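Residue strings, one per chain:
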Amino acid sequence: MIRATTGEGARFGQNDASSSKHRPPVIRYEHPLNERIRTLMRLEDLFARARHFASRDDAPEHHAALLSLFEITDVASRADLKTDLLQELERQKQVLGPLRSNPQIDQDALSGLLTEIEQVNAALLAQAGRVGTHLRENEWLMAIKQRAAIPGGVCEFDLPAYHHWLNKDAGARRRDLAAWIEPFEPIRIGSTIVLRLLRENSRAARHTAFRGVFQLMLTTTKVAQLLRLTLEHDPPCVPEISANKYALNIRFIGLTGMDRGNVVDQNVEFELMFCNL
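Summarised in this report is the structure supplied together with it. (Residues numbered from 1 in each chain as written. Predicted model: local features only at pLDDT ≥ 70, side-chain atom pairs only at ≥ 80, totals over all residues. Heavy atoms only, no water.)

### Things to note about the environment of Gln127
Here is the rule we go by: Secondary structure is summarised from DSSP: a helix means a run of H or I of at least four residues, a strand means a run of E of at least two, and numbering begins at the N terminus for each. By the convention used here, residues are in contact when the closest approach between their heavy atoms is within 4.5 Å. Whenever two N or O atoms come within 3.5 Å, that pair is a polar contact, provided that in protein one can donate a hydrogen and the other can accept it, and provided that, for residues adjacent in sequence, both atoms are side-chain atoms.
Position of Gln127 relative to the elements: it lies in the loop between α4 (107–126) and α5 (133–136). Residue contacts for Gln127: discarding those within four places in its chain leaves Lys82, Pro183, Pro186 and Ile187. Polar contacts involving the side chain of Gln127 include one to the main-chain carbonyl oxygen of Pro183, which spans 2.5 Å.

Next comes the structure, spelled out in structure tokens:
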């Protein structure tokens, strides 16, 4: 999975709005290197989508929010997700705690982060059962989830009660969606903290892909959980990344309109960041 974000003022990971107009636009691609980070990034995207559509007013947007909640339920139902988050947050707490005596560290920011970790740890521990149980135990919602898996399966003649809900006042629908989203908040916040710490704990280097191909042998010093690749929009190409614990291979594929092209026949400069917890 490669996730991409764009920016006008960011040049190879540095935010400097004052000189953004002198810099070409860039796009950043993220590539997780293990299943745990892949799951957290999927949840990050799904939570963003659910919260976005739930804040709107129209029935189709609230339908999209509910579909995202169903996907969150499926992704977050992994039995070890909550345990993984608790263990990682506790480990980060142990790592960050000794920094309280470091004068070079912003103590207010550090205290705020440690408080955040303690609060989300307590919230995760307070949750009983599997993540998303509150949705799975709701027969009405599960009927919608089952029909939503069928193309066109949520038409009003299939689910008249759902059609009635979609025609309720927008404020009432938002309140229902907020109540269904709220039990997921400890998972969302915990995932956000872990991904933020992961992205901030990185090292960057400039590279050139000769004739669109880049290979790098990985040593123990380059072990990473997430790759972040920053690339200018020109030439128009996208990276295809494959990696294991021994080697990293990147091919830059040219784009023709919306069609997938071939490996570009030119050198491509990019920045590569190795992120690890």
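### Remarks on helix α3 (residues 81–96)
This is how the line gets drawn: Between the first and last residue of a helix there are one fewer steps than residues, each counted as 1.5 Å, and that sum is the expected span. Three exposure classes are used, based on accessible area relative to the maximum for each residue type with a 1.4 Å probe and protein chains only: buried under 20%, partly exposed in between, and exposed over 50%.
Helix length check: α3 (16 residues) gives 22 Å between terminal C-alpha atoms against 22 Å at 1.5 Å per residue, within 8%. All buried positions along α3 are accounted for by Leu81, Lys82, Asp84, Leu85, Leu86, Glu88, Leu89, Gln92 and Leu96. Looking at the buried positions of α3, the neighbouring elements they touch are α1 (35–54), α2 (59–76), α4 and α9 (185–200).

### Considering the packing of α3 against α9
Rules: Only the stretch in contact is used when a helix axis is fitted, and all axes are lines through C-alpha atoms; the angle between N-to-C directions ranges over 0 to 180 degrees. Angles below 35 degrees are treated as roughly parallel, those above 145 as roughly antiparallel, those between 65 and 115 as roughly perpendicular, and all remaining angles as oblique. Two helices that cross are described as forming a left-handed crossing if the nearer one is turned anticlockwise from the farther one by less than a right angle, and a right-handed crossing if clockwise. Nonpolar residues are Ala, Val, Leu, Ile, Met, Phe, Trp, Tyr, Cys and Pro. Charged residues are Asp, Glu, Lys and Arg, and all others, Gly as well, are polar.
As a packed pair, α3 and α9 sit with axes 10 Å apart at the nearest point and diverge in direction by 50 degrees. Our classification of the angle between α3 and α9 gives oblique. As α3 runs across α9, the sense of the crossing is left-handed. Residues Leu81, Leu85, Glu88, Leu89 and Gln92 of α3 touch α9, and the partners they reach there are Ile187, Gly190, Ser191, Ile193, Val194 and Leu197. A per-class count over the contact of α3 with α9 returns seven nonpolar, three polar and one charged.

### Focus: the packing of aromatic side chains
For clarity, the threshold we go by: In summary, the pairing rule links any two rings of Phe, Tyr or Trp, Trp by its six-membered ring, whose centres are within 6.5 Å, and it sorts them by plane angle into stacked for under 30 degrees, edge-to-face for over 60 and tilted for everything else.
As enumerated under the stated definition, the model contains eight aromatic pairs in all. Their ring planes at 70 degrees and their centres at 6.1 Å tell us that Trp140 and Trp165 sit as a pair that is edge-to-face. Of the two residues, Trp140 is situated in helix α6 (residues 139–148) and Trp165 in helix α7 (residues 160–166); the sequence distance between them amounts to 25 residues. Using a relative accessible area of 4% as the deciding quantity, one classes Trp165 as buried. Residues Phe214 and Phe270 carry aromatic rings whose centres are separated by 5.2 Å and whose planes lie at 85 degrees to one another, so their mutual orientation is edge-to-face. Placement of Phe214 in strand β6 (residues 213–217) and of Phe270 in strand β11 (residues 268–275) is noted, with a sequence separation of 56 residues between them.

### Describing α1
In this model α1 runs 28 Å from its N-terminal to its C-terminal C-alpha over 20 residues, within 8% of the 28 Å that 1.5 Å per residue would give. Within α1, the full set of buried residues consists of Ile37, Arg38, Thr39, Leu40, Met41, Leu43, Leu46, Phe47, Ala50 and Ala54. Residue Asn34 occupies the N-cap position of α1, its side-chain oxygen lying 3.2 Å from the main-chain nitrogen of Arg36.

### Considering the pairing of strand β8 (residues 237–243)
Filter applied, for reference: For two strands to pair, DSSP has to find at least two bridges joining them.
Examined bridge by bridge, β8 and strand β9 (residues 247–256) share seven bridges and lie antiparallel to one another. Its bridge partner being in β9, Cys237 is matched across the sheet by Gly254. As consecutive antiparallel partners, β8 and β9 are separated by three residues.

### Focus on the pattern of salt bridges
Under the convention used in this document: Salt bridge, as applied in this entry: a Lys or Arg side-chain nitrogen positioned within 4 Å of an Asp or Glu carboxyl oxygen.
Applying the stated criterion to the full structure yields 19 salt bridges. Among the ionic pairs, Glu88 bridges to Arg91, the shortest N-O distance being 2.9 Å. Highlighted residues: Glu88 and Arg91, both in helix α3, separated by three residues, approximately one helical turn. Of the residues examined, Arg91 reaches a relative accessible area of 37% and is grouped as partly exposed. Two residues, Arg211 and Asp265, come together in a salt bridge whose shortest N-O distance is 2.7 Å.

### What to know about the nonpolar core
This is how it is decided: Each nonpolar core is a collection of buried residues, namely Ala, Val, Leu, Ile, Met, Phe, Trp, Tyr and Cys, held together in the definition by side-chain atoms within 4.5 Å.
Counting 46 residues, the largest nonpolar core has Leu66, Leu69, Ile72, Leu177, Trp180 and Ile187 as the members making the most contacts within it. Residue contributions to this core peak at eight residues, all from α1. Apart from residues lying up to four places away in sequence, Ile72 is in contact with Leu43, Leu46, Phe47, Ala50 and Phe184. With 20 residues, the next largest nonpolar core counts Leu231, Cys237, Ile250 and Phe252 among its residues.

These results come straight from atomic positions and should not be treated as a statement about function.
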